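Here are the chains, one letter per residue:
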Amino acid sequence: MFSFKVNDKEYKVRFGYRVLCKTNLIDRVVNITKQKDEEHAFQNMMATVAELLLAGLQKSHRDEFGYETESEKEAALDKIYDMLDTYEDESTEENPQDGYTMFEKLQEELMKNGFLSRITEESAKKAEARNATKIPQDHKKKAS
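The structure contained in this document is the topic of the report that follows. (Residues numbered from 1 in each chain as written. Predicted model: local features only at pLDDT ≥ 70, side-chain atom pairs only at ≥ 80, totals over all residues. Heavy atoms only, no water.)

**Notes on the packing of helix H2 (residues 25-34) against helix H6 (residues 99-112)**
Move 1: Relative to each other, H2 and H6 sit at 120°, their axes nearing to 12 Å. Classified by the interaxial angle, the pair formed by H2 and H6 is oblique. For H2 against H6, the interelement crossing comes out left-handed. Residues Ile 26, Val 29, Ile 32 and Thr 33 of H2 pack against Phe 103, Gln 107 and Leu 110 of H6.
Move 2: Residues that form the contact of H2 with H6 fall into these classes: five nonpolar, two polar and no charged. (Axes fitted to C-alpha atoms, helices over the stretch in contact; angles between N-to-C directions. Helix = DSSP H or I, 4+ residues; strand = E, 2+ residues; numbered from the N terminus. Parallel < 35°, antiparallel > 145°, perpendicular 65-115°, else oblique. Left-handed = near helix turned anticlockwise from the far one by under 90°. Contact = heavy atoms within 4.5 Å. Nonpolar A, V, L, I, M, F, W, Y, C, P; charged D, E, K, R; others polar.)

What follows is the structure, given as structure tokens:
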């Protein structure tokens, strides 16, 4: 769990299985790092930051950000967008606060909880296997 402050109020972010299983947020986070189109990557990242933050606030702040229907979710996301604006407004040189910083914190929390770390490990293993150099064996004598 990590926490941050906005308007002198502390918010605790912790991801739970229920909210992550009902969304495609993990897949979206993984795909953001793979995107080549910078314009769409930024737009997708900002939308994902808001939805990840909303998901992470469900455990400790459901009374303020909870939702059941799509219209309630949209209203809660509007609160999140306003919160992110204020979060950035409160940024200082000693404590930089922006969308990228929040995205990094959210990713770190997903990694700590194991939600993202296993996917990242598996992707790295697959990439390593694809890039492995194979040594030709045709120069060796065949055993009789």
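**Considerations on the environment of Ser 91**
Move 1: With respect to the helices and strands, Ser 91 occurs in the loop between helix H5 (70-89) and H6.
Move 2: Once you skip the residues sitting within four places of it in the chain, Ser 91 turns out to touch Pro 96 and Gln 97.
Move 3: Of note is the side chain of Ser 91, whose polar atom sits 2.9 Å from the backbone nitrogen of Gln 97. (Polar contact = N/O pair within 3.5 Å; in protein donor to acceptor, adjacent residues only side chain to side chain.)

**As for unusual backbone geometry**
Move 1: Unlike most non-glycine residues, Asn 7 shows phi in positive territory, near 55°.
Move 2: With respect to the helices, strands and loops of the structure, Asn 7 is situated in the loop between strand S1 (2-6) and strand S2 (9-13).
Move 3: Judged by its relative accessible area of 56%, Asn 7 falls in the exposed class.
Move 4: Even without glycine at this site, Asp 8 takes up a positive phi of about 60°.
Move 5: Its location among the elements puts Asp 8 in the loop between S1 and S2. (Buried < 20%, exposed > 50% of the residue type's maximum accessible area, 1.4 Å probe, protein only.)

**Describing the packing of aromatic side chains**
Move 1: According to the stated counting rule, one finds four aromatic pairs in the structure shown.
Move 2: Ring geometry for Phe 4 against Tyr 87: centres 5.7 Å apart, planes inclined by 80°, an arrangement best described as edge-to-face. Of this pair, Phe 4 sits in strand S1 while Tyr 87 sits in helix H5, and the two are 83 residues apart along the sequence.
Move 3: Residue classification places Phe 4 among the buried residues on the basis of a relative accessible area of 5%.
Move 4: Its relative accessible area of 1% is what places Tyr 87 among the buried residues.
Move 5: Following the ring pairs from residue to residue traces out a cluster consisting of Phe 2, Phe 4, Tyr 11, Phe 65 and Tyr 87.
Move 6: One Lys or Arg, Lys 79, reaches over the ring of Phe 65 and ends 5.9 Å from the middle of that ring. (Phe/Tyr/Trp six-rings, centres within 6.5 Å; stacked < 30°, edge-to-face > 60°. Lys NZ or Arg CZ within 6 Å of the ring centre and 35° of its normal.)

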